[in-house]
Amino acid sequence: MTTTVVARARTSDPIARRARRRSAALGALAWAAGIGFCLPAGWMLLTSFHSEEDAATSPPSLGAALTLDGYREFFGAGGAAGPWPPLINSATASVVSTLLVLVLALPAAYALSIRRVPKWTNVMFFFLSTKMLPVVAGLLPLYLFAKNAGLLDNIWLLILLYTSMNLPIAVWMMQSFLADVPVSIIEAAQVDGARLPTVLARVVAPVAGPGIAATALICFIFSWNELLFARVLTGVVAQTAPVFLTGFVTSQGLFLAQLCAASVVVSLPVLAAGYAAQDKLVQGLSLGAVK
C-alpha cells in the first residue's frame, strides 16, 4: 500500500512541475503582452517632455533633456489658441450624451430583459443592425441635414449624434446586466405600490449598478474619442478635443512634442474616469461575460 502511494506521488511530481512551468510561462507571456501594450503610451509620455528638436530625432534619444515646453505651448503660452474650449466641448458632449443614453437605455433594457415585450429578440437584432451601417455612409446625409437645419458647429448636434450612436450598445449591455436582477424584489416593490419610475430608480438601478457603471464608462470613452463627425460637422464654436489635436499636423510640419503633450492631457479624463470606476467596471464586465 505504501509503495503504491509513493509511486503515485513520484508520478504526480513531474505533472505538477510541468503545470507550474506552464503557469509561469503563461504569466510571463501575460506580463510581456501588458508591457508591450503600455510601451506606446509610455513613449508618448516621455516624448511630451522633450523639446521639438529632440522629439524629431531618428532614432529617438532616450537620454534627451526633459522640458515642459510642449505643455506650455499646448496651454497657449506661445500665443496659440488655448485648449479649454475644445476640452469643455468634449466634456459637455460626452457627459450629457452618456446621461441621455442611460436614461433611455435603462427602461429599454428593462422591457427586453425583465418585462419582455413580444418578439424581443427581433428588437435586439434591430438595435444590433443599426451598428452595421458604415459611419461614412451616413456622413453626407447628416451634413446636409445639419446644414439645412442650421445646426452646423453646434454642440447639441454632437450630443444628439453621440446619444444615437451609443444607445444600441448600451441597450445590449444593460439587457444582459438587468437579466440577472431578481424578479422577486421588483414584484415586492410593486406590491408596496411602487410605480415603474420608482422601480427603475430605487430597485433596478442599485442592483445593476456595476453594469450601469460599465456601460456609462464605455459610452463616455466612445463619445470622448469620436473624431469623424466632430471633424466634419463642427468648426470653431463646437470643436472638440480630438479635432483640436489634428491642428498640430500643419503644413509647416508635425509638432511631435506638442502633439504628445496634448494627447497626454486629452487622455487624462478617460484615464481618471476609468480609474475611479475600475471596481464597478470589472464587476460589470465580468457579469456580462458570465451571462
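Peer 1: I tried to follow the overall build of the protein on my own but got confused; where do I start?
Peer 2: When you go through the protein residue by residue, the secondary structure sums to 14 helices and two strands. Taking all 291 residues of the protein together, the buried fraction comes to 34%. Summarising the internal contacts of the protein: among those between residues at least 6 apart in sequence, 76% fall at separations of at least 24. Working note: accessible area of the protein is about 17,100 Å², and carbon and sulfur atoms make up 69% of it.

Peer 1: I would appreciate a short explanation of a nonpolar patch on the surface in the present structure.
Peer 2: Taken together, the side chains of Phe125, Leu128, Met132 and Trp172 present a nonpolar region at the surface, about 420 Å² in accessible area. Among the secondary structure elements, Met132 is positioned in the loop between helix H5 (120-129) and helix H6 (139-149).

Peer 1: In this structure, what is going on with the environment of Glu53? I would like to understand it.
Peer 2: With respect to the helices, strands and loops of the structure, Glu53 is situated in helix H2 (residues 52-55). Separated by 203 residues in the primary sequence, Glu53 and Leu256 place their C-alpha atoms 9.3 Å from one another.

Peer 1: Explain the packing of helix H4 (residues 84-113) against helix H7 (residues 155-178) here, please?
Peer 2: The description of two packed helices rests on the angle between their axes and on the distance between the axes. One way to put it is that H4 packs onto H7 with a least axis distance of 6 Å and a crossing angle of 35°. Crossing handedness for the pair H4 and H7: right-handed. Grouping the constituent residues of the contact of H4 with H7 by class yields 21 nonpolar, seven polar and no charged.

Peer 1: Where do I start with the side chain of Thr163 in this structure?
Peer 2: For Thr163, the position within the fold is in helix H7. In terms of polar contacts, Thr163 uses its side chain to reach the backbone carbonyl oxygen of Ile159, at 2.7 Å. When near neighbours in sequence (up to four residues on either side) are disregarded, Thr163 contacts Ser97, Leu100, Val101 and Leu104.

Peer 1: So what exactly am I meant to see when it comes to the confidence of the model for the protein here?
Peer 2: For the protein, the average pLDDT comes to 84, and 89% of its residues sit at 70 or higher. Element-level mean pLDDT values for the protein span from 58 in helix H14 (residues 278-290) up to 93 in H4.

Reading guide: rules and limits
Residues numbered from 1 in each chain as written. Predicted model: local features only at pLDDT ≥ 70, side-chain atom pairs only at ≥ 80, totals over all residues. Heavy atoms only, no water. Helix = DSSP H or I, 4+ residues; strand = E, 2+ residues; numbered from the N terminus. Buried < 20%, exposed > 50% of the residue type's maximum accessible area, 1.4 Å probe, protein only. Contact = heavy atoms within 4.5 Å. Areas by Shrake-Rupley, 256 points an atom, 1.4 Å probe, with all protein chains shown as cover. Patch = residues over 30% accessible without salt bridge, like charges linked within 9 Å, V, L, I, M, F, W, Y side chains within 5 Å. Salt bridge = Lys/Arg side-chain N within 4 Å of Asp/Glu carboxyl O. Axes fitted to C-alpha atoms, helices over the stretch in contact; angles between N-to-C directions. Left-handed = near helix turned anticlockwise from the far one by under 90°. Nonpolar A, V, L, I, M, F, W, Y, C, P; charged D, E, K, R; others polar. Polar contact = N/O pair within 3.5 Å; in protein donor to acceptor, adjacent residues only side chain to side chain. pLDDT = per-residue confidence, 0-100.

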